[in-house]
Amino acid sequence: MELTEVIGVIFDFNGTMLFDRKYHLESWRICVEDLTMREMSNADVKNYIDGKGSKEILEHFLGEDLSDSMIWQFQEEKERIYRNLLLKDHPSLAPGLETFMDYLKQAGVPMAIASSAPLTNMTMYYDEFELFRWLDWDHIVNASPEMPGKPHPALYQEAVKILKVPANHCLAFEDSQVGIEAAYAAGIRNIVHVVADMPGQIEGEMPGVIKSVRDFTELKEL
């Protein structure tokens, strides 16, 4: 698929538009240390946090089954720590992304974001990175109790609906396996795998993936 054939673009956010893996890992480290009153080693982070879901992380370190409401409360605290770390550091968007989005806007290609990030984080991203330069707030879809997270296709289905573009004419950018599965299940057949924040995460080929890139500076090679 040539970029000239694209009539709609949908981005995942974390790990795709923003390389923020280190902030998530550090916020989990701080959160777990506060909960357990013990210092976390790098091995702990690698073996029991990196790539794991909230439930698995919390139940491992707390040593007990947790209700959904308890997991939600602890996860909210972790996200608060994450936001503080991010705002303190003021990282930039992924290399080449702003230039690419400028190109899409000038070409009249509509854009949307389909993210599993909570609303509080997405609101911060919208303001901190001035995403309003490229897309309206109503072009951002994030997970909620009414909107299942990835790998369910709902986020991408809603983004396609907002863009009013056939799914097979959309180009999606994703960094995770569950995200790629969600985009493909929504009917998107042109997916770029962005790998810089999590190299080696996905082994082998996946349906719909037309290219793997480190960041958006490599899009000229599509």
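Worth saying up front: this structure is predicted, and the values here are computed from it rather than measured. One numbering rule holds for all chains: residues counted from 1, following each sequence as written. With pLDDT at 70 or above as the cut-off, local features in this predicted model cover only qualifying residues; side-chain atom pairs require 80 or more to be listed or tallied, and sums for whole chains, interfaces and linings still use all residues. For side-chain calculations, the full set of non-hydrogen atoms in the structure is used, while hydrogens and water are omitted.

1. Here's the deal with the side chain of E59
- Note that E59 resides in helix α3 (residues 54–62).
- Between N or O atoms, a polar contact is any pair within 3.5 Å; within protein, one atom must be a potential hydrogen donor and the other a potential acceptor, and residues adjacent in sequence are included only when both atoms are from side chains. A polar contact of 2.9 Å, which involves the side chain of E59, links it to the backbone nitrogen of L66.
- In this analysis, two residues are considered to be in contact whenever any of their non-hydrogen atoms come within 4.5 Å of each other. Residues in contact with E59, not counting those within four places in the same chain, are E64, D65 and L66. Helix and strand definitions here come from DSSP, where helices need a minimum of 4 consecutive H or I residues and strands a minimum of 2 consecutive E residues; each element is numbered from the N-terminal end.

2. With respect to unusual backbone geometry
- For the bond from K150 to P151, the omega torsion is 15°, close enough to zero to count as cis.
- In the Ramachandran plot, H90 falls in the positive-phi region, its phi being about 50° despite a non-glycine side chain.
- With respect to the secondary-structure elements, H90 resides in the loop between α4 (68–89) and α5 (97–107).
- The backbone of K164 shows a phi angle near 60°, a positive value even though the residue is not glycine.
- Topologically, K164 is positioned in the loop between α7 (154–163) and β4 (170–174).

3. A look at the sheet that holds strand β2 (residues 111–115)
- Spatial ordering of the open sheet is given by β3-β2-β1-β4-β5-β6, a layout of 6 strands whose pairing is parallel. Looking at strand neighbours, the two that pair on one side only are β3 (140–142) and β6 (209–213), the edges of this open sheet. Sheet twist, expressed as the mean angle between neighbouring strand axes with direction ignored, is 20°.
- As paired elements, β2 and β3 share 3 bridges and run parallel to each other. When the sheet's bridge partners are listed, S115 is paired in β3 with N142.
- Each of β1 (8–11), β2, β3 and β4 touches α7; the most contacted strand, β2, lies at about 165° to it. Any two strands with at least two DSSP-identified bridges between them are counted as paired. Here the axes come from fitting lines to C-alpha atoms, over the contacting stretch only for helices, and the angles between their N-to-C directions go from 0 to 180 degrees.

4. Concerning the pattern of salt bridges
- For salt bridges, the criterion is a side-chain nitrogen of Lys or Arg within 4 Å of an Asp or Glu carboxyl oxygen. For the structure shown, the criterion picks out 11 salt bridges.
- Between D44 and R38 there is a salt bridge; the shortest N-O distance is 3.5 Å.
- The salt bridge partner of K55 is E59, with a shortest N-O separation of 2.8 Å. You can see K55 and its partner E59 sitting in helix α3, 4 residues apart, about one turn around the helix.
- For K55, a relative accessible area of 44% translates into the label partly exposed.
- For each residue, the accessible area found with a 1.4 Å probe, counting protein chains only, is set against the maximum for its type, and the residue is called buried under 20%, exposed over 50%, and partly exposed in between. What makes E59 buried here is its relative accessible area of 17%.

5. Topic: α3
- Along α3, the residues that are buried comprise S54, I57, L58, E59 and F61.
- Check the buried side of α3 and you find it contacts α1 (21–36), α2 (42–48) and α4.
- One or two steps after α3, the chain reaches G63, where phi turns positive at roughly 70°.

6. A closer look at the confidence of the model for the protein chain
- Per residue, pLDDT captures the predictor's confidence, and it can take any value from 0 to 100. In this model, the protein chain carries an average pLDDT of 91, and 94% of its residues clear a pLDDT of 70 or more.
- At the level of individual helices and strands, the protein chain shows its lowest average pLDDT in α3, which scores 89, and its highest in β2, which scores 98.

7. A short note on the packing of aromatic side chains
- Stacked, edge-to-face and tilted are the three classes for Phe, Tyr and Trp ring pairs, Trp counted by its six-membered ring, which pair at centre distances within 6.5 Å; planes under 30 degrees apart are stacked, over 60 edge-to-face, the rest tilted. Enumeration according to the criterion identifies 12 aromatic pairs in this entry.
- Here the aromatic rings of Y125 and F129 are separated by 6.4 Å at their centres, their planes lie at 35°, and the arrangement is tilted. The pair formed by Y125 and F129 is uniform in burial state, with each residue classed as buried.
- Consider the rings of Y126 and F132, whose centres lie 6.1 Å apart with planes at 65°: the pair is edge-to-face.
- Taking relative accessible area as the criterion, Y126 reaches 12% and is therefore assigned buried.
- For F132, a relative accessible area of 47% puts it in the partly exposed group.
- What links up through ring pairs into an aromatic cluster is the set F11, F100, F173 and F216.
- Consider the ring centre and the ring normal. A charge sits over the ring if Lys NZ or Arg CZ is within 6 Å of that centre and within 35 degrees of that normal. The ring of Y82 is capped by K78, whose NZ or CZ atom sits 5.4 Å from the centre of that ring.
- One Lys or Arg, R189, reaches over the ring of Y184 and ends 3.7 Å from the middle of that ring.

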